[in-house]
Amino acid sequence: MKNQKLCGIMPALLTPFSENGVDTKKAASFVSYLADCGVHGLYVGGSSGEMLLMTQNERKELLETVVGTVGNRITVIAHIGSTSTAAALELARHAEKTGAHALSSVTPFYFKYSFRELKNYYERVADATSLPVIIYNIPALTGAALSTAQLKELLSIPNVGGMKFTASDFFQFERLHTAFPDKVFYNGSDEMLCSGLAAGADGGIGSTYNVMPKRILAIYNAFRANDVALAMKYQSEANAVIEEVLRWGVMPSCKALLKLNGRDYGVCREPFLPLSDEALAALAKVKVE
Ligand code: MN9
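Here the structure is a predicted model, which is why all the values come from computation and not from measurement. (Residues numbered from 1 in each chain as written. Predicted model: local features only at pLDDT ≥ 70, side-chain atom pairs only at ≥ 80, totals over all residues. Heavy atoms only, no water.)

## Quick word on the overall build of the protein chain
As a reminder of what qualifies: The numbering of helices and of strands both runs from the N terminus, where a helix is a DSSP run of H or I of at least 4 residues and a strand a run of E of at least 2. Computation of the radius of gyration draws on C-alpha atoms, with the globule rule given as 2.2 Å multiplied by the number of residues to the power 0.38. Accessibility here uses a 1.4 Å probe with only protein chains present; expressed as a share of the type maximum, an area under 20% marks a residue as buried, one over 50% as exposed, and anything in between as partly exposed. Residue contacts are counted whenever heavy atoms from the two residues lie within 4.5 Å of one another. Accessible surface area values rest on a Shrake-Rupley calculation with a 1.4 Å probe, where residue burial reflects the displayed protein chains alone. For the purpose of charge, His is not counted, nor are the chain termini; Lys and Arg are scored as positive and Asp and Glu as negative. By convention, the charge on Lys lies at NZ, on Arg at CZ, on Asp at CG and on Glu at CD.
For the protein chain, the helix and strand inventory stands at 12 helices and 10 strands. Rg of the C-alpha trace for the protein chain: 18 Å, near the compact-globule value of 19 Å for 289 residues, within the 12% margin. If one aligns the C-alpha atoms of the protein chain with their principal axes, the spans along those axes are about 50 × 45 × 35 Å. Burial analysis of the protein chain (289 residues in total) assigns 56% to the buried set. Counting only contacts in the protein chain whose residues sit at least 6 apart along the sequence, the fraction spanning at least 24 positions is 71%. Summing over all exposed atoms, the protein chain offers an accessible surface of approximately 12,300 Å²; the carbon and sulfur share of this is 53%. Between the averaged position of the 28 positive side-chain charges in the protein chain and that of its 28 negative side-chain charges there is a distance of 3 Å.

So, in structure tokens, the structure goes:
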């Protein structure tokens with residue numbers, strides 16, 4: 001049986017920073033707002049959350065804030081992926097203790113690990129807690145372009161509950177979820193949410209969901225109601241926003257869009273830079289809702 005609690009629309013939460021840490025007040029107020037919008041869950045501490053630019057303690061603090069604020073209303077998936085297995089396992093145990101509903105991890109990156117090493121990593125993460133583990137497959141960023149057979153092997157690990165699939169090979173995507181009908185599969189490319197749903201996704205996880213949750217929910221709800229034409233109309237409206245976001249950089253643009261639309265959520269950590277006036281002027285023209 002598919003875990004219904006894990007299905008649906010889940011913003012890949014952006015992290016608000018204060019001068020010297022995570023701005024937990026801003027995070028709490030924002031996740032309450034997202035839950036009020038009707039999102040089904042949150043994906044916390046992933047790439048959109050700038051996890052690579054955060055300390056272990058900051059990642060834990062952010063998760064505690066989110067679970068403490070909305071953990072009994074919506075699903076919380078803790079991204080615990082790290083450059084070392086030891087760090088990932090520490091975050092995984094902390095996430096279970098904190099009350100997250102699932103774990104997720106990107107495939108270990110930077111070094112070119114063998115498949116044997118990647119598989120061992122997921123076995124260790126899956127063994128560390130009783131929570132379902134969502135494999136995060138994003139070959140364009142990790143460089144780990146795994147074959148369908150290799151992804152199936154990862155999905156076969158006990159405690160692996162599904163996959164976040166950020167790629168455009170919907171043939172591979174269909175083969176995977178058809179082979180594992182009880183596991184949960186997420187579309188990862190916001191610009192292709194409708195296509196991913198058509199290919200069988202149970203939901204989506206994405207950065208731009210932070211800035212236009214209602215429109216993304218409208219795509220999902222129209223598709224679930226079998227109105228593909230309407231879902232594509234909303235997708236096209238979303239893509240006008242995503243096109244600009246991709247032009248100027250995903251996370252800096254998403255934070256700038258929040259500010260332009262009345263919510264000061266701060267800026268990204270360096271090496272990211274605040275956007276230029278030219279970028280801000282272009283983003284001011286897009287309609288997020
Ligand atoms: O997978 C996100 N990818 C990254 C999730 O954060 C790297 C997406 O939501 C993209 O940011 C989005 C824009 O290309 O689709």
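## Some details on helix H1 (residues 24–37)
To be explicit about the condition: Expected span of a helix, by definition, is 1.5 Å for each gap between consecutive residues, and there is one gap fewer than residues.
Across its 14 residues, H1 extends 20 Å between first and last C-alpha, which sits within 8% of the 20 Å expected from 1.5 Å per residue. Buried within H1 are the following residues: Ala27, Ala28, Phe30, Val31, Leu34, Ala35 and Cys37. On the buried face of H1, the contacting elements are strand E1 (8–11), strand E4 (41–44), helix H2 (56–70), helix H9 (213–224) and helix H11 (250–260). Once H1 finishes, glycine 38 follows within two positions and takes phi at roughly 105°, a positive value.

## A look at helix H3 (residues 85–98)
With 14 residues, H3 should reach 20 Å at 1.5 Å per residue; the first-to-last C-alpha distance of 20 Å fits that figure. Among all positions of H3, only Ala87, Ala88, Leu89, Leu91, Ala92, His94, Ala95 and Thr98 are buried. The inward-facing, buried residues of H3 abut H2, strand E5 (75–79), strand E6 (102–106) and helix H4 (115–128). In the segment just after H3, glycine 99 is the residue with positive phi, at about 110°.

## Observations concerning the nonpolar core
The following threshold applies: Side-chain atoms within 4.5 Å link the members of a nonpolar core, which is a set of buried Ala, Val, Leu, Ile, Met, Phe, Trp, Tyr and Cys residues.
With 86 residues, the main nonpolar core has Val66, Ile80 and Leu103 as its most contacted residues. The greatest single-element share of this core, amounting to seven residues, is contributed by H4. By size, the runner-up hydrophobic cluster in this structure holds 16 residues, among which are Tyr43, Phe109, Ile134 and Ile205.

## Looking at the site of the ligand
Convention followed: Definition of nearness: a residue and a molecule or strand are near each other if at least one heavy atom of the residue lies within 4 Å of the molecule or strand. Gly falls in the polar group here, along with every residue not listed as nonpolar (Ala, Val, Leu, Ile, Met, Phe, Trp, Tyr, Cys, Pro) or charged (Asp, Glu, Lys, Arg).
Contacts to the ligand come from 15 residues, most closely from Thr166, Gly188, Asp190, Glu191 and Ser207. With the chains in place, 89% of the 390 Å² that the ligand exposes on its own is no longer accessible. Its residues placed into classes, the shell around the ligand shows five nonpolar, seven polar and three charged.

## A look at the layout of surface pockets
Selection criterion: The method works on a 1 Å grid over the protein atoms by themselves. A cavity is a set of points holding a 1.4 Å probe that cannot get out, a pocket is an open set with protein on both sides within 12 Å along at least five of seven lines, and residues with an atom within 4 Å of a point line them. Grid points are joined across faces, edges and corners, and a volume is the space filled by probe spheres set on the points.
By volume, the largest pocket is sized at about 760 Å³. Broken down by secondary-structure element, the contributors of at least two residues to the lining of the largest pocket are helix H5 (139–142), strand E10 (203–206), helix H10 (228–248) and H11. Classifying every residue of the lining of the largest pocket gives 20 nonpolar, 11 polar and four charged. Lining the second largest pocket we find 13 residues, and of these Ala256, Lys259, Val267, Leu275 and Leu280 sit closest to its centre. A per-element tally of the lining of the second largest pocket places H11 first, with five residues. For the lining of the second largest pocket, the residue count by class is nine nonpolar, one polar and three charged.

## A look at the packing of aromatic side chains
Rule in force here: Note on aromatic pairs: the rings of Phe, Tyr and Trp (six-membered ring only in Trp) are paired at centre separations within 6.5 Å, and the planes decide the class, stacked below 30 degrees, edge-to-face beyond 60, tilted for the rest. Charge over a ring is defined by NZ of Lys or CZ of Arg lying within 6 Å of the ring centre and within 35 degrees of the ring normal.
Going through the model one piece at a time under the given rule, you end up with nine aromatic pairs. Taking the centre distance of 4.7 Å and the plane angle of 55° together, the rings of phenylalanine 30 and tyrosine 265 count as tilted. Taken together, the residues phenylalanine 30 in helix H1 and tyrosine 265 in the loop between H11 and helix H12 (277–284) connect sequence positions 235 residues apart. Each of the two residues, phenylalanine 30 as well as tyrosine 265, counts as buried. By the ring-pair criterion, three or more aromatic residues cluster together here, those being Phe165, Phe170, Phe173 and Phe185. For the cation-ring pair, lysine 164 lies above tyrosine 43, with the distance from its terminal atom to the ring centre recorded as 4.6 Å. Cation over ring: lysine 164 sits above tyrosine 136, and NZ or CZ is 3.7 Å from the ring centre.

## Thoughts on the pairing of E5
Selection rule: Should DSSP find at least two bridges between two strands, the strands are regarded as paired. Think of it like this: strands point away, you trace from the first strand over the helix to the second, and a clockwise trace means the crossover is right-handed.
Buried residues dominate E5, accounting for five of its five residues. Burial of E5 is two-sided: the residues Thr75, Ile77 and His79 facing one way and the residues Val76 and Ala78 facing the other way are all buried. Pairing of E4 with E5 involves four bridges; the strand directions are parallel. Across the sheet, residue valine 44 finds its bridge partner in E5, namely alanine 78. Taken together, E4, H2 and E5 constitute a β-α-β crossover, and its handedness is right-handed.

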